[in-house]
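Listed here are the chains, written in short residue letters.
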Amino acid sequence: MVRQVDVSTSAEILTPAENPPKRGQGTVLPRGFVLADVLRQTGGAYQTAIPLSGKFRGCIRAVAQLTSDDELFRIAELPEVPVSLENFRQLDPQTRFVIVCCLDVNVAETPRWRRIPVGIPPWPRGEPRILDRCRGAHIKERAFPNGRSLHHVVPAAGHPGMTSGCS
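Each value, and the rule that gives it
Numbering of residues starts from 1 in each chain and follows the order in which that chain's sequence is written. Per-residue local features are limited, in this predicted model, to residues with pLDDT of at least 70; the limit for side-chain atom pairs, both in listing and counting, is 80 or more; totals at the level of whole chains, interfaces and linings are taken over all residues. Each side-chain value is derived from all of the structure's non-hydrogen atoms; neither hydrogens nor water enter the calculation. Labels follow the DSSP assignment, with helices taken as runs of H or I lasting at least four residues and strands as runs of E lasting at least two, numbered in each case from the N terminus. When accessible area is computed with a 1.4 Å probe and restricted to protein chains, residues below 20% of their type maximum are described as buried, those above 50% as exposed, and intermediate ones as partly exposed. Between two residues, a contact is recorded if the distance between any of their heavy atoms is within 4.5 Å. Only the protein chains shown count as cover for residues, and the accessible areas themselves come from Shrake-Rupley with a 1.4 Å probe. pLDDT expresses how confident the predictor is about each individual residue, on a scale running from 0 to 100. Take the buried Ala, Val, Leu, Ile, Met, Phe, Trp, Tyr and Cys residues and link them wherever side-chain atoms come within 4.5 Å; each set so joined is a nonpolar core. By this rule the span expected of a helix is its residue count minus one, scaled by 1.5 Å. Strand pairing is defined by DSSP finding a minimum of two bridges between the two strands.

Caption draft 1: Local environment of the overall build of the chain. If you tally the helices and strands in the chain, you get 3 helices and 9 strands. If you list the helices and strands of the chain from N to C, you get β-β-β-β-α-β-α-α-β-β-β-β. Counting every position in the chain, which comprises 167 residues, the buried fraction comes to 42%. Look at the contacts in the chain between residues 6 or more apart in sequence, and 72% of them connect residues 24 or more apart. Entry remark: accessible area of the chain is about 9100 Å², with carbon and sulfur atoms responsible for 53%.

Caption draft 2: Here's a closer look at the confidence of the model for the chain. Averaged over all residues, the pLDDT of the chain is 76; the fraction at 70 or higher stands at 66%. Of all helices and strands in the chain, the one with the weakest mean pLDDT is strand 2 (residues 22-23) (50), whereas helix 1 (residues 35-41) scores best (95). Segment residues 159-167: pLDDT under 50, and 21 contacts once partners within four positions in sequence are set aside and those in other chains are kept.

Caption draft 3: Representation of the nonpolar core within the structure. Of all hydrophobic cores here, the largest spans 30 residues; its most connected members are I60, L85, F97 and L103. Taken together, the elements giving at least two residues each to this core come down to strand 1 (5-13), helix 1, helix 2 (54-67), helix 3 (70-77), strand 6 (81-84), strand 7 (96-105) and strand 8 (137-143). Apart from residues no more than four positions distant in its own chain, L103 is found in contact with V5, D6, V7, F56, C59, I60, V63, A137, H138 and I139. Residues L14, V100, C102 and F144 belong to the second largest nonpolar core, which totals 5 residues.

Caption draft 4: Here's a closer look at helix 2. For helix 2, with 14 residues, the first-to-last C-alpha span of 20 Å sits near the 20 Å given by 1.5 Å per residue. With 10 of 14 residues buried, helix 2 is to be regarded as a mostly interior element. Within helix 2 the residues assigned to the buried category are F56, R57, G58, C59, I60, A62, V63, A64, L66 and T67. Close packing links the buried residues of helix 2 with strand 1, helix 3, strand 7, strand 8 and strand 9 (149-154). Once helix 2 finishes, S68 follows within two positions and takes phi at roughly 55°, a positive value.

Caption draft 5: Local environment of the pairing of strand 5 (residues 47-50). Burial along strand 5 is one-sided: T48 and I50 are buried, while Q47 and A49, pointing the other way, are not. Sheet topology places strand 5 next to strand 6; 4 bridges connect them, and they run antiparallel. Considered in strand 6, the bridge of Q47 is made with S84.

Caption draft 6: Structural context of the pairing of strand 7. When you tally the buried positions in strand 7, you get 9 out of 10 residues, the bulk of the element. With 2 bridges joining them, strand 4 (residues 33-34) and strand 7 adopt antiparallel strand pairing. The residue of strand 7 that forms the bridge with F33 is F97. Examined bridge by bridge, strand 7 and strand 8 share 7 bridges and lie antiparallel to one another. The partner of C102 across the bridge, within strand 8, is K140.

Written as structure tokens, this is what we have:
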């Protein structure tokens, strides 16, 4: 059976154009994690952990409630989630990266949400109502060292990452 909802973490190298990325009215975002610093903190292990933002936790809880998925509820309550850095083994220690958390909701999962009992909100208040459109969702959050993050939500329909998780 294909899982209809997937939560994953990974790390993405920041390219020179993104380092530091700019957003909005010229606001400069943090420069990302430095591989050498993370390796020093983990004692050389190519794995780290990061807390999920409140906004991302809210998305996970909403999907968990709508799908009655106990595993998603458990993930939403974790103090932090593991992130593998194995794909960085051959990289320069000064490489800068961001941590990426993804929540993919398969298109096949969302139609049944129309039959949710009264009293269960369809999506966290103030969040994009993308799941209400029954097209699934790809929710991606890029986390930076200072605790800030960028949150991006797109429909799953036509999103190439839906078959292979976060991309």
